[in-house]
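# Coordinate inspection notes
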Amino acid sequence: MSRIFSPGKLLLTSEYVVLDGALALAVPTRQGQAFFCEEKHDGNARVRWQAFHQDKLWLDAVICYRSWKVRETNLPDAAAFILKVLQNVQKISDIRFHSDDTYYIRTNLEFPPDYGWGSSSTLMNDVAEWAGCDPFLLNERSLGGSGYDIAVAQAKTAILYQLRGEERSVQKVDFRPGFSDELLLVHLNHKQDSREGICQYRTRLKPELLVEEFSELTLKVLKAEDIDDFCHLLEIHEEKLSDFLGIPTMKQQMFKDLPVFVKSLGAWGGDFVLSRKFPGYKEWFWEHGFQTVLHYDDVIY
């Protein structure tokens, strides 16, 4: 049985603005999604798809790819999405779904799906590698978005990512700040739909210098050697994007009394924020209803 693995991701800078060409810094998570497949030459043209979340069965589906119908499933909406993805695979892959073989596929998402670390992007990258097709094209046809998450899944390391019209630039970088053991990831207790935030971002008129400003901030964040400088840069980043979006920062909304910085990661209003340790931080977060506080070094490669 073949095994494919893609790491999850976190976008540290240029959320939303990456869509318009801003340079973004993104990092991979230690946990990701594994993909296993066995083939049987039986002429049945079936896919038996079993998706596990942290080793517990979540989705079980049987799909006929001759008629493109879901024959059996416990989750119709999720099965319909998988069918859509596999139809896209057939259109762009030269090696999958052009025979009558049966594929027994099992996936295992290693992190909770409400973490926002890339349950979809890791799947897209796994499936594309298995099908021998372009993961960016598969992702674009199935989900959309900037594609930075696919780039992280492929690179399996920190990257600088930039869109330039129809082209993308992916540069692997060594982002291992000496103060990373002081950084924290705090879950906001609910998952945010990134597509909603993108739609809101798209409605706003963008100043000419917006993309340039965030690109410059990204490079400064990458090069920061002092934790105070790093945190200050991310506070500037948060304030600039808050002003543009017309949305209060996460600190203003949810962490008013927190004595240190808070930086949104990805879509505003959900998933995780980045912060730092301070005396009594465990008690502070717990008392304010944030039970999931992770150490950056435990999460990121």
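Residues numbered from 1 in each chain as written. Predicted model: local features only at pLDDT ≥ 70, side-chain atom pairs only at ≥ 80, totals over all residues. Heavy atoms only, no water.

## Considerations on the environment of Cys37
Our working rule: Secondary structure elements are taken from DSSP: a helix is a run of H or I of four residues or more, a strand is a run of E of two residues or more, and numbering for both begins at the N terminus. The contact definition used throughout considers only heavy atoms, calling two residues in contact when any of these lie within 4.5 Å.
You can see Cys37 is positioned in strand E2 (residues 24–40). Cys37 sits 66 residues away from Tyr103 along the chain, and the two C-alpha atoms are 6.6 Å apart. For Cys37, the contacting residues outside a window of four places in its chain are Met1, Ser2, Tyr103, Tyr104, Ile105 and Trp130.

## Here's the deal with the nonpolar core
Among soluble globular proteins, nonpolar side chains are generally buried collectively. To keep it simple, the criterion reads: Buried Ala, Val, Leu, Ile, Met, Phe, Trp, Tyr and Cys residues form a nonpolar core when they are joined through side-chain atoms within 4.5 Å. Only protein chains enter the area calculation, which uses a 1.4 Å probe; residues under 20% of their type maximum are buried, those over 50% are exposed, and those in between are partly exposed.
By size, the foremost hydrophobic cluster in this structure holds 56 residues, and its most contacted members are Phe175, Phe230, Phe255, Leu274 and Phe285. For this core, the secondary structure elements donating two or more residues are E2, strand E9 (183–187), helix H6 (210–223), helix H7 (227–245), strand E11 (272–276), helix H9 (281–287) and helix H10 (296–299). Among the elements that take part in this core, H7 stands out by supplying eight residues, more than any other. Residues in contact with Phe255, not counting those within four places in the same chain, are Val186, Leu188, Met250, Val262, Val273, Trp284, Phe285 and Phe290. In terms of nonpolar packing, the next biggest core, distinct from the first, is built from 45 residues, Val47, Leu59, Tyr65 and Ala131 among them.

## Re the packing of helix H1 (residues 76–92) against helix H2 (residues 119–131)
Where we set the bar: What counts as an axis is a line fitted to C-alpha atoms, over the stretch in contact for a helix, and the angles between N-to-C directions run from 0 to 180 degrees. By definition, any crossing whose near helix is turned counterclockwise from its far helix by less than a right angle is left-handed, and any crossing with a clockwise turn is right-handed.
In the contact formed by H1 and H2, the axes pass within 11 Å of each other and the chain directions differ by 40 degrees. Along this stretch, H1 crosses H2, giving a crossing that reads as right-handed. Residues Phe81, Ile82, Val85 and Val89 of H1 touch H2, and the partners they reach there are Leu123, Met124, Val127 and Ala131.

## With respect to the packing of aromatic side chains
Think of a pair of aromatic rings as described by two things: how far the centres are apart, and how the planes are tilted against each other in angle. Applied cut-off: Classification of ring pairs uses Phe, Tyr and Trp, with its six-membered ring standing for Trp, and accepts pairs whose centres are within 6.5 Å; under 30 degrees between planes counts as stacked, over 60 as edge-to-face, and the remaining range as tilted. The rule for a charge over a ring is simple: NZ of Lys or CZ of Arg within 6 Å of the ring centre, and within 35 degrees of the ring normal.
The full count for this structure, using the stated rule, is 21 aromatic pairs. Centre to centre, the rings of Phe255 and Trp284 are 6.3 Å apart; their planes meet at 20 degrees, and the pair counts as stacked. Pair noted here: Phe255 is in the loop between helix H8 (250–254) and strand E10 (263–264) and Trp284 is in helix H9, with a separation of 29 residues, a long-range link. Comparing Phe255 with Trp284, the two get one shared label, buried. Residue placement shows Arg168 over the ring face of Phe136; its charged tip is 3.9 Å from the ring centre.

## Remarks on the sheet that holds E10
What counts, and what does not: Any two strands with at least two DSSP-identified bridges between them are counted as paired.
Pairing is antiparallel across the open sheet formed by four strands, whose spatial order is E10-E11-E9-E12. Two strands lie at the open edges of the sheet, namely E10 and strand E12 (293–295), each paired on one side alone. Judged from the three bridges that link them, E9 and E12 form a sheet pairing that is antiparallel. Bridged to Leu184 within E12 is His295. On top of the sheet, H7 reaches E9, E10 and E11; it is set at about 145 degrees to E11, its chief contact.

## Some details on the packing of H2 against helix H4 (residues 148–155)
Each packed pair of helices is defined by two parameters, the angle between the axes and the distance between the axes. How we decide: For classification, angles of less than 35 degrees are called roughly parallel, those exceeding 145 degrees roughly antiparallel, those between 65 and 115 degrees roughly perpendicular, and all remaining angles oblique. The residue classification treats Ala, Val, Leu, Ile, Met, Phe, Trp, Tyr, Cys and Pro as nonpolar and Asp, Glu, Lys and Arg as charged. All others, Gly included, are polar.
Contact pair H2 / H4: the axes reach a minimum separation of 9 Å and the direction vectors enclose 55 degrees. One finds that H2 runs oblique with respect to H4. Pair H2 / H4 crosses with right-handed handedness. For the pair formed by H2 and H4, the contact residues are Ser121, Met124 and Asn125 on the first element and Asp149, Ile150, Ala153 and Gln154 on the second. Classifying every residue of the contact of H2 with H4 gives three nonpolar, three polar and one charged.

## Points about the pairing of strand E7 (residues 159–164)
On any regular strand, side chains alternate: one points to one face of the sheet, the next to the other face. Across the six residues that make up E7, a large majority, five, are buried. Relative to E7, E2 runs antiparallel, the two sharing three bridges. The residue bridging Ala24 from the neighbouring strand is Tyr161, located in E7. Connecting E7 to the antiparallel partner strand E8 (residues 167–172) that follows it, the hairpin turn spans two residues, and Gly165 within it adopts a positive phi of roughly 65 degrees.

In short, shape yes, function no, at least from these values alone.
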